[in-house]
Amino acid sequence: MSGGPAVSDGLARRWLPHGIAGHDETPLYLLPPAGGSTALYREDDWAGLPAGVSACPVELPGHGRRATTDAPLTDMNLLVRQLDAVCRPGAGRPWAVLGHSMGALTAAAWAAYAHRAGHGPSAVYVSGAAPPWLSPAALRLARATDAELWEQLSGLGGMPPDLAVHPVARRLLVRTMRADIEAAASWARTDPVSVGCPVTAIGGTDDPAVPLSLLPGWSRISVGGFTWTHLPGGHFFRGSLADLVPVVSDAWRTP
């Protein structure tokens, strides 16, 4: 197992605990929302992608199984450099990336960085997020207290219900969420930066955090095509990110 061109197997496993794509497959890297982990992208749910596409959930530093071994990163530039060095396949192989909520900003930032370096992705999927140049949500959340942050983000769904009665786990999650928000705020752009490839934007019809009217704004970073669509439900759609699989599959098959 290996990640980027010169990455040890041990380091690759920390970032890609479910394994990497085979040499005849295109990896689709899945980035979590603030505080989230690979647990949000269940392997069985994402097995329905088109043939030749391999779902690769990414465990960021300080998240999930890395919560007690690595500090979360608060600088988006550092995060995307590490993502690019560890996860991106080498030898000019194609790849794609999907991010949900704050993960969508990470996906766009990584794709833009890789594009500038000459090895950008073939597709980007941004889910549950508004373009930061139209709605700088991370900047607003970065000013919130821990209690306010928990109230706002837990109100969007996607939180394990037992966290409310486990204060230690809750404090750890809030720490990670705040780090993710600080990273997103550090990339809060006033102008769009090209990712050099087609972009698909997805939103929930009843998402209180992301008005559907803002999704077309992601077209400003795309090259070669842009589509946007909506799914029933709120910020996490009908309660699971598995709802994204048919949308991604349809977009992948569309020339």
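Computed from a predicted structure; not experimentally measured. (Residues numbered from 1 in each chain as written. Predicted model: local features only at pLDDT ≥ 70, side-chain atom pairs only at ≥ 80, totals over all residues. Heavy atoms only, no water.)

Caption draft 1: Layout of the sheet that holds strand β2 (residues 53-57). Read from one edge to the other, the open sheet built from 6 strands follows the order β2-β1-β3-β4-β5-β6, with strand pairing classed as parallel. Edge positions in the open sheet fall to β2 and β6 (226-231), since each of these has one partner strand only. For this sheet, the mean inter-axis angle between neighbouring strands, taken without regard to orientation, is 15 degrees. Relative to strand β4 (residues 123-127), strand β3 (residues 96-100) runs parallel, the two sharing 5 bridges. Bridge pairing in β4 places Leu-98 opposite Tyr-125. (Pairing = 2+ DSSP bridges. Helix = DSSP H or I, 4+ residues; strand = E, 2+ residues; numbered from the N terminus. Axes fitted to C-alpha atoms, helices over the stretch in contact; angles between N-to-C directions.)

Caption draft 2: Structural view of the environment of His-23. Within the secondary structure, His-23 is located in the loop between α1 (9-15) and β1 (26-31). For His-23, a relative accessible area of 75% puts it in the exposed group. Along the chain, His-23 and Asp-206 lie 183 residues apart, while their C-alpha atoms are 40 Å from each other. (Buried < 20%, exposed > 50% of the residue type's maximum accessible area, 1.4 Å probe, protein only.)

Caption draft 3: Broad picture of the state of the cysteines. According to the stated counting rule, one finds 0 disulfides in the structure shown. The structure places no disulfide on Cys-87, whose sulfur is separated from the nearest cysteine sulfur, that of Cys-56, by 8.6 Å. Taking relative accessible area as the criterion, Cys-87 reaches 2% and is therefore assigned buried. (Disulfide = S-S within 2.5 Å.)

Caption draft 4: Focus on the pattern of salt bridges. Counted according to the given criterion, the structure contains 8 salt bridges. Here Arg-178 and Asp-146 are joined by a salt bridge, their closest N and O atoms 2.8 Å apart. Taken together, the positions of Arg-178 in helix α7 (residues 167-186) and Asp-146 in helix α6 (residues 146-154) put the pair 32 residues apart, joining distant regions of the chain. Between Arg-238 and Asp-243 there is a salt bridge, with the nearest N and O atoms lying 3.0 Å from each other. (Salt bridge = Lys/Arg side-chain N within 4 Å of Asp/Glu carboxyl O.)

Caption draft 5: Local environment of the packing of helix α3 (residues 76-86) against helix α4 (residues 102-116). With their axes 9 Å apart at the nearest point, α3 and α4 run at an angle of 65 degrees to one another. Judged on the interaxial angle alone, α4 and α3 are roughly perpendicular. Between α3 and α4 lies a crossing whose hand is right-handed. Contacts from Met-76, Leu-79, Val-80, Arg-81, Leu-83 and Asp-84 in α3 reach Leu-105, Thr-106, Ala-109, Trp-110, Tyr-113 and Ala-114 in α4. Of the residues assigned to the contact of α3 with α4, the class counts are 9 nonpolar, 1 polar and 2 charged. (Parallel < 35°, antiparallel > 145°, perpendicular 65-115°, else oblique. Left-handed = near helix turned anticlockwise from the far one by under 90°. Contact = heavy atoms within 4.5 Å. Nonpolar A, V, L, I, M, F, W, Y, C, P; charged D, E, K, R; others polar.)

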